[in-house]
Amino acid sequence: MEYDFVMDGVRRESIPDPYFMIGLINRFCNSFQAAADGLFPELSWKQLFFLNCVALFEEAPAIKDMAELLGCSHQNAKQIVTKLEKQGYAHLEPDKADKRKQRIRLTEKAHAYRREHHDASETAMGALFDGLKDGDLQTTIRVLVVLTERIEKIRTGERI
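Just so we're clear, the structure is a prediction, and the values are computed from it rather than from any experiment.

1. Some details on the overall build of the chain
Alright, step 1. Scanning the chain from terminus to terminus reveals 7 helices and 2 strands.
Alright, step 2. Listing every helix and strand of the chain by position from the N terminus yields α-α-α-α-β-β-α-α-α.
Alright, step 3. Viewed in the frame of its principal axes, the chain has a C-alpha envelope of about 55 × 40 × 30 Å.
Alright, step 4. A total of 160 residues make up the chain; the buried ones form 21% of that total.
Alright, step 5. Sequence separation of 24 or more characterises 44% of the internal contacts of the chain that already satisfy a separation of 6 or more.
Alright, step 6. When the accessible surface of the chain is totalled, it reaches about 11800 Å², and 55% of it is carbon and sulfur.

2. Topic: a nonpolar patch on the surface
Alright, step 1. A contiguous nonpolar surface patch, about 440 Å² in accessible area, is contributed by Phe28, Met125, Leu128, Phe129 and Leu132.
Alright, step 2. The dominant element in the nonpolar patch, judged by the number of residues it contributes, is helix α6 (residues 118–129), at 3 residues.

3. Some details on the packing of aromatic side chains
Alright, step 1. One pass over the structure, following the stated rule, counts 4 aromatic pairs.
Alright, step 2. Summarising the aromatic geometry, the rings of Phe28 and Phe32 are spaced 5.7 Å apart at their centres and angled 25° between planes, so their arrangement reads as stacked. Residue Phe28 and its partner Phe32 are both found in helix α1 (residues 17–37); the two are separated by 4 residues, about one turn of the helix.
Alright, step 3. Accessibility expressed as a relative area gives 43% for Phe28, which makes it partly exposed.
Alright, step 4. Since its relative accessible area comes to 23%, Phe32 is described here as partly exposed.

4. Brief notes about the packing of helix α3 (residues 63–70) against helix α4 (residues 74–86)
Alright, step 1. Here α3 crosses α4 at 110°, and the two axes come no closer than 8 Å. Accordingly, the angle class assigned to the pair α3 and α4 is roughly perpendicular. Seen along the crossing, α3 lies across α4 with a hand that is right-handed. Residues Ile63, Lys64 and Ala67 of α3 touch α4, and the partners they reach there are His74, Ala77, Lys78 and Val81.

5. Digging into the nonpolar core
Alright, step 1. Grouped together as the largest cluster of nonpolar side chains are 21 residues, with contacts concentrated most on Phe50, Leu51, Val81, Leu84, Tyr89 and Ile104.
Alright, step 2. Elements with a contribution of two residues or more to this core: α2 (45–54), α3, α4, β1 (90–94), β2 (102–106) and α5 (108–116).
Alright, step 3. Here this core gets 5 residues from one element, more than from any other, and that element is α2.
Alright, step 4. When neighbours within four sequence positions are excluded, Leu84 is seen to be in contact with Leu43, Gln47, Phe50, Leu51, Tyr89 and Ala90.

Conventions used here
Residues numbered from 1 in each chain as written. Predicted model: local features only at pLDDT ≥ 70, side-chain atom pairs only at ≥ 80, totals over all residues. Heavy atoms only, no water. Helix = DSSP H or I, 4+ residues; strand = E, 2+ residues; numbered from the N terminus. Buried < 20%, exposed > 50% of the residue type's maximum accessible area, 1.4 Å probe, protein only. Contact = heavy atoms within 4.5 Å. Areas by Shrake-Rupley, 256 points an atom, 1.4 Å probe, with all protein chains shown as cover. Patch = residues over 30% accessible without salt bridge, like charges linked within 9 Å, V, L, I, M, F, W, Y side chains within 5 Å. Salt bridge = Lys/Arg side-chain N within 4 Å of Asp/Glu carboxyl O. Phe/Tyr/Trp six-rings, centres within 6.5 Å; stacked < 30°, edge-to-face > 60°. Axes fitted to C-alpha atoms, helices over the stretch in contact; angles between N-to-C directions. Parallel < 35°, antiparallel > 145°, perpendicular 65-115°, else oblique. Left-handed = near helix turned anticlockwise from the far one by under 90°. Core = buried A, V, L, I, M, F, W, Y, C linked by side-chain atoms within 4.5 Å.

Quick look at the structure:
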């Protein structure tokens, strides 16, 4: 299937579909992050996404939990939470059972920020996905889940 996506100086027909898809995913992520960084004051998209992901857990997550959820290194997750802590959006506390683990708690400032920007986030997501058929979205989700599972196996050296 051919797509009308064009970039100056790039010949689409010279790029095999799997490479084209990975390139599109990368381009989308970069473009989305740049656009989202401009939507919310004070926090970057990655920081806001981090806060939103912390809120998904029933129990305060450990840094390791966040790194696994986000698909990033422990050091990267620690770096983000450290910045959020300095800005007053999160704090780290030792795990009750294992003092070596640090659990991430959102502050009232984080909860207030998420409430305050909820409508703007909903509007942006609505505009982004407007006109897509549910089937297209479900197919894309299914494909990305499979690719995510496979990349994790590649990362850990497990056979696919």
